[in-house]
Protein chains: 2
Amino acid sequence: MSSEEHGAVAPEQTATPSSSATQPIIAVDAMGGDHGPSVVVPGAIRSAREGGFKVILLGDEKRIRQELDKLGPCPEAEILHTSQVAAMGEKPSDVLRRKKDSSIQQAFAIVKEGRAHGVVSAGNSGATVACGMFILGRINGVERPALASIMQTEHAPMVLVDVGANVDCKPYHLFQFGIMADVLARDVLGIERPRVGLLSIGEEEGKGNLQVKEAFELFKMTAMNFVGNVEGRDIFTGDVDVVVCDGFVGNVALKLSEGLCTSLSRMLKRELMRSLPARLGASLVAGALKRFARLVDYAEYGGAPVLGLQGIAIVCHGASNEKAIKSACSMAATYVRKETNDHLMAELTANEELSRFGKAAMKL
Amino acid sequence: MSSEEHGAVAPEQTATPSSSATQPIIAVDAMGGDHGPSVVVPGAIRSAREGGFKVILLGDEKRIRQELDKLGPCPEAEILHTSQVAAMGEKPSDVLRRKKDSSIQQAFAIVKEGRAHGVVSAGNSGATVACGMFILGRINGVERPALASIMQTEHAPMVLVDVGANVDCKPYHLFQFGIMADVLARDVLGIERPRVGLLSIGEEEGKGNLQVKEAFELFKMTAMNFVGNVEGRDIFTGDVDVVVCDGFVGNVALKLSEGLCTSLSRMLKRELMRSLPARLGASLVAGALKRFARLVDYAEYGGAPVLGLQGIAIVCHGASNEKAIKSACSMAATYVRKETNDHLMAELTANEELSRFGKAAMKL
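Residues numbered from 1 in each chain as written. Chains lettered and ligands numbered in written order. Predicted model: local features only at pLDDT ≥ 70, side-chain atom pairs only at ≥ 80, totals over all residues. Heavy atoms only, no water.

You'll find chain A entered in an unreviewed UniProt entry as Phosphate acyltransferase, with Oceanidesulfovibrio indonesiensis given as the organism. In its Sequence similarities (unreviewed entry) section, the UniProt record describing chain A reads: "Belongs to the PlsX family." (UniProt positions renumbered as here; feature names shortened; annotations may be inferred.)

Draft legend 1. Inspection of the overall build of chain A at higher detail. A count of helices and strands for chain A gives 14 helices and 11 strands. Its C-alpha atoms give chain A a radius of gyration of 20 Å, within 12% of the compact-globule value 21 Å for 364 residues. Each principal axis of the C-alpha distribution contributes one length, and for chain A these read about 60 × 60 × 40 Å. Taking all 364 residues of chain A together, 62% fall into the buried category. Look at the contacts in chain A between residues 6 or more apart in sequence, and 72% of them connect residues 24 or more apart. With the model as given, the accessible surface of chain A reaches about 13,900 Å², and the carbon-plus-sulfur share is 51%. Averaged over its 40 positive side-chain charges, chain A has a centre that lies 5 Å from the centre of its 43 negative ones. (Helix = DSSP H or I, 4+ residues; strand = E, 2+ residues; numbered from the N terminus. Rg over C-alpha atoms; globule rule 2.2 N^0.38 Å. Buried < 20%, exposed > 50% of the residue type's maximum accessible area, 1.4 Å probe, protein only. Contact = heavy atoms within 4.5 Å. Areas by Shrake-Rupley, 256 points an atom, 1.4 Å probe, with all protein chains shown as cover. Lys, Arg positive; Asp, Glu negative; His and termini not counted. Charge placed at Lys NZ, Arg CZ, Asp CG, Glu CD.)

Draft legend 2. Local environment of the domain arrangement of chain A. Residue and element names in this part refer to chain A. Assigned domains of chain A: these are domain 1 (21–142 + 308–337) and domain 2 (144–300 + 339–364). Centre-to-centre separation of domain 1 and domain 2, based on C-alpha positions: 25 Å. On the domain 2 side, the residues contacting the 23 residues of domain 1 number 21 residues. Three residues stand out in domain 1 for area buried against domain 2, namely Ile139, Val142 and Tyr335, and they jointly supply 32% of the buried area on that side. Our enumeration of links across domain 1 and domain 2 arrives at 8 residue pairs in polar contact (both at pLDDT 80 or more). Mapped by element, the contributors of at least two residues to the side of domain 1 that touches domain 2 are strand E11 (312–315) and helix H12 (322–337). The dominant element in the side of domain 1 that touches domain 2, judged by the number of residues it contributes, is H12, at 8 residues. (Domains from an automatic or database assignment. Buried area = accessible area lost by both parts, 1.4 Å probe. Polar contact = N/O pair within 3.5 Å; in protein donor to acceptor, adjacent residues only side chain to side chain.)

Draft legend 3. Representation of the relation of the copies chain A and chain B. Each copy superposes on the other: chain A lies on chain B with an RMSD of 0.0 Å after a rotation of 180° and an axial shift of 0.0 Å. Both copies of the chain, as the preceding transformation shows, are related through a two-fold rotation axis. Distance from the rotation axis, computed per C-alpha, reaches its smallest value in chain A at Gly281 of chain A: 2.0 Å. An overlap of 98% is found between the interface residues of chain A and their copies at the interface of chain B, pointing to a shared contact surface. (Least-squares fit on C-alpha atoms with pLDDT ≥ 70 in both.)

Draft legend 4. Highlighting the sheet that holds strand E6 (residues 158–161) of chain A. All names here are of chain A. The 11 strands are arranged E3-E2-E1-E4-E11-E10-E5-E6-E9-E7-E8 in an open sheet whose pairing can be described as mixed. Two strands in the sheet have a free side with no partner beyond their single neighbour: strand E3 (77–81) and strand E8 (226–230). Averaged over all adjacent pairs, the angle separating strand axes in this sheet is 25°, with direction ignored. Bridging between strand E1 (residues 25–29) and strand E2 (residues 54–59) involves 5 bridges; their strand directions are parallel. Within E2, the position partnered with Ile26 by the bridge is Val55. (Pairing = 2+ DSSP bridges. Axes fitted to C-alpha atoms, helices over the stretch in contact; angles between N-to-C directions.)

Draft legend 5. Examining the interface of chain A and chain B more closely. Taken residue by residue, the interface counts 53 residues in chain A and 52 residues in chain B. Counting across the chain A and chain B interface gives 7 salt bridges. Among the salt bridges present, the one from Arg270 of chain A reaches Glu154 of chain B, with a minimum N-O distance of 3.2 Å. Applying the counting rule to chain A against chain B returns 16 residue pairs in polar contact (both at pLDDT 80 or more). Only helix H8 (210–220), helix H9 (247–272), helix H10 (276–284) and helix H11 (286–295) of chain A provide two or more residues apiece to the side of chain A that touches chain B. Per-element tally for the side of chain A that touches chain B: the top contributor is H9 of chain A, with 20 residues. Here the side of chain A that touches chain B is composed, by residue class, of 30 nonpolar, 12 polar and 11 charged. (Salt bridge = Lys/Arg side-chain N within 4 Å of Asp/Glu carboxyl O. Nonpolar A, V, L, I, M, F, W, Y, C, P; charged D, E, K, R; others polar.)

Draft legend 6. Molecular detail of the confidence of the model for chain A. Scored by pLDDT, chain A has a mean of 89; 91% of the residues are at 70 or more. Every residue in residues 1–20 of chain A is under pLDDT 50, and counting partners more than four places away or in other chains gives 46 contacts. (pLDDT = per-residue confidence, 0-100.)

Structure (structure tokens):
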């Protein structure tokens, strides 16, 4: 199953026209990721062309222009030269202090100035979240912005949140993650009334750790379509649209899924190479295997949005290929067109009392 | 890859004679699991025959005898009639109080009396752990017995601990889980010097939540082969032999792996049925697919030992088939022959000071 069929990757093409007439302008960190401009520039340009929006490419002007030259006339792109690059292993605080003219800091700076609506980066993800927090700031009432990952399941994509921005969360943090991811699933995945579950170790109420048990109480009181606890095995069945958890658990879950898919693909390939009939058969099943492989490919779903910032930020995998960058830029544009951040704010306000209750009254 | 090649399933056949001359006697809860005696009895008998040990089958005598009659003369088996059964959804405390003559309680009772060495059950796993705790008691110094799961990886089996017996763990609990799983990997998987990792969200020291950061300090001070933090994606590569985590995280990881394997297998099958060439090819690759499917089959690795009890308990999946029960009984027998519990106690004693320091001095 391709996520394109479900609107996760390129919702630009199928989205109904939004009430906003704004043409999205996306600031793209051209220096980010393992492959830098050679992958980021074509990904961004293809996405902008198909989706009818603009991109500002930040980074080394010469290298960016080299890549642009291969793509024909690019009226949808603008280059903003920056002199520094945030390295992958660099501490977020160091990037913030010492890399004022890095592509990633400048990308957020132009969003802050109103020259762009959102940022896409495949660079240092810790630095991206930190720059988002410090340069754009958080939405009023959000204590901890969260990283949401859109994952493929057997039937349709779903949102897992938080996948690593926050560890040692309080129950009301989880509650806020759920509110924000619910809006994301509605706007970006087009699900009218997302089924929201709390990741736990048993389906019955009362199962889980202290954090989950208390968060359950808050979710129970909202108007959202809360389906209760879900287990690890429920993530991929397609029976739930949003799964909420602490960033430690979510990051383990995300990386484990990635690792398991990679290992299984490798093992399947190895088994198929073992005998002559299998090798012959493998050529006949090549198409099926290719479709199967797409499913276990993170590029299908692109980037992870940071929820709760006063602006838009999509964090991409360091190993992103062109397709992943393209998907992430499309997602950012959808986010702008659908006015997702306005919806986030409205939902957070509607649930403000509950959040405050969770913060004040809960033990954990 | 079959785990049999690696000695995880039927180590009985390949184990070098242990110093102990004891013939293992395993108490098997014949009423446990979704399929009850029809699966448990043949699984236990086949294991006992191959491994040269004895089993005591607990449960409804009539139903057990029915199953035994199909298997020819069974001098390796003894029946112990019990009048009650613990239901799958029943609360552990209710089972303990109201089901004194249940097959699971009586199984632990005969271990306590010295008539058997260990228990294997595919029944209510919460009740199994609770009966183990209350009837057998914990090894001196162990505050929280842990559930260890032996999982297949690309290259060899590894141990994940805790997979659900404990949530909201303290750092020194994680430390004790690691000590015990290290012994398990040595005795049951035959790994001379297991590589022990702490499950976290970044490889560098200092990454993770409070619990993991403090546990890291304790692991660093031991003589075991501690390799530092590992991530979700490292579990299946075969680069680490023991992965330690809180029972909440471990349970999510275990169920997510199971769910993902099931979903992927289903999707692969669906893709292979889509076109005529793929269907033709599928018949040629059937052998390869079968080997692949074995890998994602929990039955290959049988049961999850409860570490830290004064006795042996192996918890099996409720949906266990005959092969899973057979594997679990073999593992219990290996545990007896290798005197694993004695080794556990020795290691815990050797690390007693560190555990005590962790309990007294750490913030969490």
